[in-house]
Amino acid sequence: MKAPGAHARRGAAMLPGPSADTAFVPAGPPGVIGAGPVPRPSAGLPGAVVLDEVRALLVAGGGVPGPARVAAALRATGRVLGDEELLAVVSTLQAELNGAGPLQPLLSAPGVSDVLVNSPDSVWIDCGRGLVRAAVRFTDEASVRRLAQRMAAQAGRRLDDSVPWVDARLPDGTRLHAVLPPVAVAGTTISLRVPARRSFTLTDLVDAGSLPAAGVRLLTGLVRARCSFVVSGGTGTGKTTLLSCLLGTADPNERIVVVEDSRELDPAHPHVVHLESRPANVEGQGAVGMQQLVRQALRMRPDRVVGYYRNQDPMSQSIALTVPM
């Protein structure tokens with residue numbers, strides 16, 4: 001079963017590079033979303049040396065790099081910019097210090113489900129039609145590593161030589177997975193899964209050709225009969241979308257408690273409680289596992305308990321077990 005926006009194929013295509021005044025932003029699926037090129041900052045934007053100077057001053061001062069602080073930092077470097085150039089600098093630095101840096105336009109583009117960084121000059125995206133190469137480049141390996149570590153810190157996780165990988169959810173719901181060298185042989189890798197911007201229904205799945213009408217009758221019958229069921233499959237096969245749709249058909253008077261190792265489910269149901277596991281801190285303390293959360297869920301007067309976790313088996317990367325109480 002393929003959910004709308006899920007991987008349609010595993011093939012890859014090379015997109016032409018951007019023009020001198022545009023940055024690549026992918027187009028969405030045909031007939032659904034379209035996104036054109038996004039203008040680059042003005043040609044008068046300061047070079048890398050000036051940005052490095054401003055960046056260093058902002059980092060040293062702490063806080064959010066708003067227009068006033070950026071202007072002050074620019075004055076400290078002896079450069080004078082117009083309004084357009086100033087706004088371009090603010091946007092660039094906010095993306096670097098608070099967002100996803102050069103990946104931010106890709107994550108914000110409509111229709112993008114995955115953004116993958118294999119190396120400084122190898123960035124790929126998926127808009128639901130398979131992977132395509134994006135015309136986005138990092139300066140060097142160190143810049144990719146810094147971005148991965150900063151995003152891990154946003155999620156409250158550690159990423160360094162002693163803990164060379166991270167699997168976490170960012171504050172905006174984006175799923176982050178990153179691996180540092182030498183575990184990642186060619187350099188730091190970053191995998192970002194963008195959360196769905198809307199909730200789907202079973203009717204949407206039928207209209208998209210992801211599910212036959214007969215399948216809808218069977219699945220809704222399972223939910224209404226309060227049967228236990230398992231949803232299992234590999235990456236991009238639509239497990240989360242399908243399970244969210246099914247939970248949305250449950251009786252509105254039921255209380256659903258969802259237990260996840262990283263929150264992904266967002267059913268359109270009026271009474272859902274989410275519990276999320278937590279890894280240990282840098283001292284190795286404070287871990288909260290799925291088993292502990294299930295025990296707590298059983299004490300929360302649930303009508304249904306949903307356990308959603310990622311498996312180590314590469315052929316079945318996620319499993320969701322739904323049990324009516």
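Just so we're clear, the structure is a prediction, and the values are computed from it rather than from any experiment.

Calculation criteria
- Residues numbered from 1 in each chain as written.
- Predicted model: local features only at pLDDT ≥ 70, side-chain atom pairs only at ≥ 80, totals over all residues.
- Heavy atoms only, no water.
- Helix = DSSP H or I, 4+ residues; strand = E, 2+ residues; numbered from the N terminus.
- Buried < 20%, exposed > 50% of the residue type's maximum accessible area, 1.4 Å probe, protein only.
- Pairing = 2+ DSSP bridges.
- Polar contact = N/O pair within 3.5 Å; in protein donor to acceptor, adjacent residues only side chain to side chain.
- pLDDT = per-residue confidence, 0-100.
- Contact = heavy atoms within 4.5 Å.
- Expected span 1.5 Å × (residues − 1).
- Arc of directions from axis to C-beta.

A. Summary view of the environment of Ile 256. With respect to the helices, strands and loops of the structure, Ile 256 is situated in strand β11 (residues 256-260). Residue classification places Ile 256 among the buried positions, given a relative accessible area of 0%. Residues Ile 256 and His 274, 18 residues apart in the sequence, show an inter-C-alpha distance of 8.6 Å.

B. How the structure looks around the pairing of strand β5 (residues 122-126). Within β5, five of the five residues are buried, which leaves it mostly tucked inside the rest of the structure. Alternating positions in β5 separate into two faces, Ser 122, Trp 124 and Asp 126 on one and Val 123 and Ile 125 on the other, with burial throughout. In this structure, strand β4 (residues 114-119) lies alongside β5, joined through five bridges in antiparallel fashion. Note on β5: the bridge partner recorded for Asp 114 is Asp 126. Looking at chain direction, β5 and strand β6 (residues 131-134) are connected through four bridges and run antiparallel. By the bridge assignment, Trp 124 is partnered in β6 with Arg 133.

C. Up close: the side chain of Ser 143. Looking at where Ser 143 falls in the secondary structure, it is placed in helix α5 (residues 141-154). Its relative accessible area of 13% is what places Ser 143 among the buried residues. Among the polar contacts listed, one links the side chain of Ser 143 to the backbone nitrogen of Thr 139, at a separation of 3.5 Å.

D. Representation of the confidence of the model for the chain in the model. With 73% of its residues at a pLDDT of at least 70, the chain reaches an overall mean of 77. Here strand β2 (residues 22-23) stands out as the least confident element of the chain, with mean pLDDT 34; β4 is the most confident, with 95. pLDDT under 50 marks residues 6-46. Its contacts with residues more than four places away, or in other chains, come to 86 contacts.

E. The arrangement of the environment of Val 179 in detail. The residue Val 179 is located in strand β8 (residues 175-179) in this model. Residue classification places Val 179 among the buried residues on the basis of a relative accessible area of 12%. Spatially, the C-alpha atoms of Val 179 and Ala 148 are 8.4 Å apart, while their sequence positions differ by 31 residues.

F. α5, seen in detail. Between the first and last C-alpha of α5 there are 20 Å, a value that for 14 residues agrees with the 20 Å anticipated at 1.5 Å per step. Taken together, the buried positions of α5 are occupied by Ser 143, Val 144, Leu 147, Ala 148, Arg 150, Met 151 and Ala 152. Of the residues that open α5, the one with a side-chain oxygen 3.3 Å from the backbone nitrogen of Ala 142 is Asp 140.

G. Structural detail: helix α7 (residues 213-224). Between the first and last C-alpha of α7 there are 17 Å, a value that for 12 residues agrees with the 16 Å anticipated at 1.5 Å per step. For α7, the full list of buried residues reads Gly 215, Val 216, Leu 219, Thr 220 and Val 223. Along the axis of α7, the buried positions cluster into a sector of 120 degrees, meaning they face one direction only. Facing away from the buried side of α7 by over 90 degrees, the exposed positions are Arg 217, Leu 218 and Arg 224.

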